[in-house]
Amino acid sequence: MMKNFSLVIAIVLLFQPCLASDNFTLYLVRHAEKETENKNPALTQCGKERARQLAVLLSTANIKSIYSTSYQRTLSTAAPLSNKKNIAIKNYDPKQLEQLSLHLKQRKENALIVGHSNTTPQLTQLLSQQEVVNISEKEYQRLYQVQFIEGNTLLTQLKQPHSCSHNK
């Protein structure tokens, strides 16, 4: 019963636009499923499907900016929402997460940030000031929502429904 109530609250919060100027929401995801053969791999077919689903999921979230590392897999994950909303993707350095965290808090606008399995939980923790467990190399469904409401921070961890049985 409590889990269902929490899920309903999370869904309501996900789609509720922020009304006050200091209220904003950040969405953080790891890039979608990637090919394995090279250092800067493209997305798999499943990864491309997940990226498109993410764009649909966030299409009503009033996203004003999109951030991605400069790798092909993160840019390709951000691209469907970028194209749908006509928002240019801003690159960030995954080694400069504290600076990015400060920048995002100062901007005070809804944004999507696409990162990696080893950086997305770290950035989420910096933004939310809450402990965030690491995600495995095989996990692609996690979506973090960090809301800044009336000076308080609320972290909600969501799971994208898309899954690929043919991928590991």
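Conventions adopted
Residues numbered from 1 in each chain as written. Predicted model: local features only at pLDDT ≥ 70, side-chain atom pairs only at ≥ 80, totals over all residues. Heavy atoms only, no water. Core = buried A, V, L, I, M, F, W, Y, C linked by side-chain atoms within 4.5 Å. Buried < 20%, exposed > 50% of the residue type's maximum accessible area, 1.4 Å probe, protein only. Helix = DSSP H or I, 4+ residues; strand = E, 2+ residues; numbered from the N terminus. Contact = heavy atoms within 4.5 Å. Axes fitted to C-alpha atoms, helices over the stretch in contact; angles between N-to-C directions. Parallel < 35°, antiparallel > 145°, perpendicular 65-115°, else oblique. Left-handed = near helix turned anticlockwise from the far one by under 90°. Nonpolar A, V, L, I, M, F, W, Y, C, P; charged D, E, K, R; others polar. Pairing = 2+ DSSP bridges.

Draft legend 1. Examining the nonpolar core more closely. Formed by 18 residues in total, the largest nonpolar core has its most connected members in L26, L28, I113 and L127. Of all the secondary-structure elements, those providing two or more residues to this core are β1 (24-30), α4 (97-107), β4 (111-115), α5 (120-128) and β5 (142-149). With sequence-adjacent residues up to four places away left out, L26 is seen in contact with L104, E109, A111, I113, L127, Y144, Q145, V146 and F148. By size, the runner-up hydrophobic cluster in this structure holds 15 residues, among which are L54, A55, A61 and I66.

Draft legend 2. Quick look at the packing of helix α2 (residues 45-57) against helix α3 (residues 72-85). Two elements in contact, α2 and α3, have axes separated by 8 Å at closest approach and are oriented at 40°. In terms of their interaxial angle, α2 and α3 are classed as oblique. Read as a crossing pair, α2 and α3 show a hand that is right-handed. Contacts between α2 and α3 involve A51, R52, L54 and A55 on the former and, on the latter, S76, T77, P80, L81 and K84. Grouping the amino acids of the contact of α2 with α3 by side-chain chemistry returns five nonpolar, two polar and two charged.

Draft legend 3. Looking closely at the pairing of β5. Counting buried residues along β5, seven of its eight residues qualify, which places the element largely inside the surrounding structure. From the end of β5 to the start of strand β6 (residues 152-159), which pair antiparallel, there are two residues, and E150 there has a positive phi angle of about 50°.

Draft legend 4. Region of the structure containing the environment of K108. Among the secondary structure elements, K108 is positioned in the loop between α4 and β4. Along the backbone, K108 and F148 are 40 residues apart, and their C-alpha atoms lie at a distance of 8.4 Å.

Bear in mind that shape data such as this cannot, by itself, settle questions of function.
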